[in-house]
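Here is what each chain is made of, one letter per residue.
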Amino acid sequence: MTSTWGDVVTGEAEAAVRRLRDGMERGVLSFPLTSFHDDGSLDPEGFRAHVAAQIATAPGAVFPACGTGEFFSLDEDEYRQVVTIAVQEAGGRLPVVAGVGYGWAQAARFARIAEEAGADALLVLPHYLVAAPQEGLVAQLEQIAARTRLPLIAYQRGQVAYTAASLRRIAAIPNVIGLKDGHSDLDRLQRLTLAAPEGFLFFNGASTAEIQARAYATVGIPAYSSAVHAFAPEIANAFFAALRDGDDGGNKVTERLLRDFYVPLVELRDRVPGYAVSLVKAAARLRGRPVGPVRAPLTDPSATDLADLETLLATGLDLVGAAL
């Protein structure tokens, strides 16, 4: 540990950290879907209804226009609408963390839009296409941070993976407040948590994060994002509560949900590239949510996979006493 949090963090970032930490202790992190009409155009009112329903189920924070929200298929005007609606619906009751990405110059353009829309913080998605050395990964965050007043959460996934030395450097950037992890390398994560200054935020951002939630908790990272929350908050919240409260006896809620819902969901997800988003959106449609189709290059599930998804969804809801 090279410093305490108070040595580097700005006042605005410190406030965001407090709100996010409180939310992460209270509930899962919600990554809402972006609603499209059947012709592929943005459906702002459908998104408004969807994000309002998400917020009503008391997540810890809402992250619009991120991976599950198909950030990389949105133009700047659509992005502005999505973030603005999320901020309006949140109404200050919980933090709104908007996704930004591509190279730092384009990420900075999205950051300005999110700032104008009233977002509380930004999630910096992995940069576009190229592999980069650690020096470049750090410089990417430095460049974005220099162009926005909003706090930043780095996202390591794909071609982005920080060393402990790089983590110390990005944590020293005054408005970088945390790290979302999608690699699930527990050895690396333990090294990162030990290298970070006190107060730096970490959360589990693996695909279908509940599968690895217990493992992440063993290295001091109990908070996680939940794609399942986007279509079945009843399941996501029941799993979170059981995990938080300790489910060693009684009904074994975590065990039953992992065995009978989450593991089969992952097996279904792994059938086709892109199903990590496509299945979530299809499941939301099965429940009557106005989210529409995915945009290319993603594809909607086949009829066979959709039928299997519907059966699995009914099973998961039944396990927590809810109905399709």
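Before reading further, recall that the structure is shown in the block above.
As the structure is a computational prediction, the values presented were derived from the model and not from experiment.

K.L.:
Explain the overall build of the protein residue by residue, including any values.
P.N.:
Helix and strand counts for the protein come out as 13 helices and 8 strands. Rg of the C-alpha trace for the protein: 19 Å, near the compact-globule value of 20 Å for 324 residues, within the 12% margin. Seen through its principal axes, the protein has C-alpha atoms that stretch 50 × 50 × 35 Å. Counting every atom, the protein has about 12800 Å² of accessible surface; 52% of that belongs to carbon and sulfur. Side-chain charges of the protein comprise 29 positive and 38 negative groups, with the mean position of each set lying 3 Å from the other.

K.L.:
So what's going on with the sheet that holds strand β3 (residues 97-100)? Which residues, and what values?
P.N.:
Within a sheet, neighbouring strands are paired by backbone hydrogen bonds and run either parallel or antiparallel to one another. If you walk across this open sheet you meet the 5 strands as β3-β4-β5-β6-β7, and the pairing is parallel. With partners counted over all chains shown, the strands left at the sheet margins are β3 and β7 (201-204), one partner each. This sheet shows a mean twist of 25° between the axes of neighbouring strands, independent of strand direction. Sheet topology note: the strand β6 (residues 176-181)/β7 ladder contains 4 bridges and is parallel. The residue bridging leucine 179 from the neighbouring strand is phenylalanine 202, located in β7. Across the sheet, helix α8 (residues 186-195) touches β5 (152-156), β6 and β7, and the angle it forms with β5 is around 155°.

K.L.:
Lay out the layout of surface pockets in plain terms, naming residues and giving numbers.
P.N.:
Taking a probe equal in size to a water molecule and rolling it over the atoms shows the remaining empty space. Taken as a whole, the largest pocket spans an internal volume of roughly 820 Å³. In terms of lining, the largest pocket is formed by 34 residues, of which the most central are Gly67, Thr68, Arg157, Ala276 and Val277. For the lining of the largest pocket, a count of residues per class yields 20 nonpolar, 9 polar and 5 charged. Around the second largest pocket, the lining is made up of 17 residues, and of these Met24, Glu25, Ile221, Pro222 and Ala223 lie nearest the centre. Of all the secondary structure elements, the ones that give two or more residues to the lining of the second largest pocket are α2 (11-26), β7, α9 (213-218) and α10 (233-245). A per-class count over the lining of the second largest pocket returns 12 nonpolar, 2 polar and 3 charged.

K.L.:
Quick rundown of α8? Include the residues and the values.
P.N.:
Where α8 is concerned, the buried positions are Leu189, Leu192, Thr193 and Ala195. In a view along the axis of α8, the buried residues occupy a sector of 160°, so they form one face of it. Seen from the buried face of α8, the exposed residues on the opposite side, beyond 90 degrees, are Arg191 and Leu194. Those residues of α8 that are buried are in contact with β5, α7 (164-171), β6, β7 and α9. Regarding α8, its N-cap is aspartate 185, as a side-chain oxygen of that residue lies 3.2 Å from the backbone nitrogen of aspartate 187 further along.

K.L.:
For a nonpolar patch on the surface, give the residues involved together with the corresponding values.
P.N.:
A surface patch of nonpolar side chains, about 360 Å² in accessible area, is lined by Tyr128, Leu129 and Val130. With respect to the secondary-structure elements, leucine 129 resides in the loop between β4 (121-124) and α6 (134-145).

K.L.:
Could you give an account of the packing of α10 against helix α11 (residues 253-269), with specific residues and numbers?
P.N.:
Two elements in contact, α10 and α11, have axes separated by 9 Å at closest approach and are oriented at 140°. The handedness of the crossing between α10 and α11 comes out as left-handed. Contacts between α10 and α11 involve Ile235, Ala236, Ala238, Phe239, Ala242 and Leu243 from the former and Val253, Thr254, Leu257, Leu258, Phe261 and Tyr262 from the latter. For the contact of α10 with α11, the per-class residue count stands at 11 nonpolar, 1 polar and no charged.

K.L.:
How would you explain the sheet that holds strand β8 (residues 225-226) if you had to name every residue and give the values?
P.N.:
Taken in spatial order, the 3 strands line up as β2-β1-β8 in an open sheet, and their pairing is parallel. Pairing within the sheet leaves two strands with one partner each, and these edge strands are β2 (61-62) and β8. Pairing geometry for strand β1 (residues 29-30) and β8, over 2 bridges, is parallel. Along β8, the bridge assignment pairs leucine 29 with serine 225.

K.L.:
Run through the pattern of salt bridges, naming residues and quoting values.
P.N.:
Taken as a whole and assessed by the stated rule, the structure comprises 18 salt bridges. A salt bridge links arginine 269 to aspartate 270, with the shortest nitrogen-to-oxygen separation between them at 3.1 Å. Assessed through its relative accessible area of 17%, arginine 269 is described here as buried. We classify aspartate 270 as exposed; its relative accessible area is 52%. One continuous salt-bridge network, built from bridges that share partners, spans Glu45, Arg48 and Glu89.

K.L.:
Outline empty space enclosed by the protein, supporting the account with residue identities and numerical values.
P.N.:
Under the criterion given, the structure shown has 1 cavity of 30 Å³ or more. Estimates place the volume of the largest cavity at around 80 Å³. Lining the largest cavity we find Val124, Leu125, Pro126, His127, Leu137, Gln140, Leu141, Ala154, Tyr155, Val160 and Tyr162. Secondary structure elements with two or more residues in the lining of the largest cavity: α6 and β5.

K.L.:
A description of the nonpolar core should follow, citing residues and the corresponding values.
P.N.:
Among the nonpolar cores identified, the biggest contains 74 residues, and Phe63, Tyr79, Leu123 and Ile170 are the most heavily contacted of them. Residue contributions to this core peak at 7 residues, all from helix α4 (residues 76-90). Each residue touching isoleucine 170, except ones within four places of it in the same chain, is listed here: Val138, Leu141, Ala154, Tyr162 and Val176. Core analysis: the next-biggest nonpolar cluster, separate from the first, contains 30 residues, Ala230, Phe231, Tyr262 and Val280 among them.

Procedures and definitions
Residues numbered from 1 in each chain as written. Predicted model: local features only at pLDDT ≥ 70, side-chain atom pairs only at ≥ 80, totals over all residues. Heavy atoms only, no water. Helix = DSSP H or I, 4+ residues; strand = E, 2+ residues; numbered from the N terminus. Rg over C-alpha atoms; globule rule 2.2 N^0.38 Å. Areas by Shrake-Rupley, 256 points an atom, 1.4 Å probe, with all protein chains shown as cover. Lys, Arg positive; Asp, Glu negative; His and termini not counted. Charge placed at Lys NZ, Arg CZ, Asp CG, Glu CD. Pairing = 2+ DSSP bridges. Axes fitted to C-alpha atoms, helices over the stretch in contact; angles between N-to-C directions. Contact = heavy atoms within 4.5 Å. 1 Å grid on protein atoms, 1.4 Å probe; cavity = no way out; pocket = protein on both sides within 12 Å on 5 of 7 lines; lining within 4 Å. Points joined across faces, edges and corners; volume = space filled by probe spheres on them. Nonpolar A, V, L, I, M, F, W, Y, C, P; charged D, E, K, R; others polar. Buried < 20%, exposed > 50% of the residue type's maximum accessible area, 1.4 Å probe, protein only. Arc of directions from axis to C-beta. Polar contact = N/O pair within 3.5 Å; in protein donor to acceptor, adjacent residues only side chain to side chain. Patch = residues over 30% accessible without salt bridge, like charges linked within 9 Å, V, L, I, M, F, W, Y side chains within 5 Å. Salt bridge = Lys/Arg side-chain N within 4 Å of Asp/Glu carboxyl O. Left-handed = near helix turned anticlockwise from the far one by under 90°. Core = buried A, V, L, I, M, F, W, Y, C linked by side-chain atoms within 4.5 Å.

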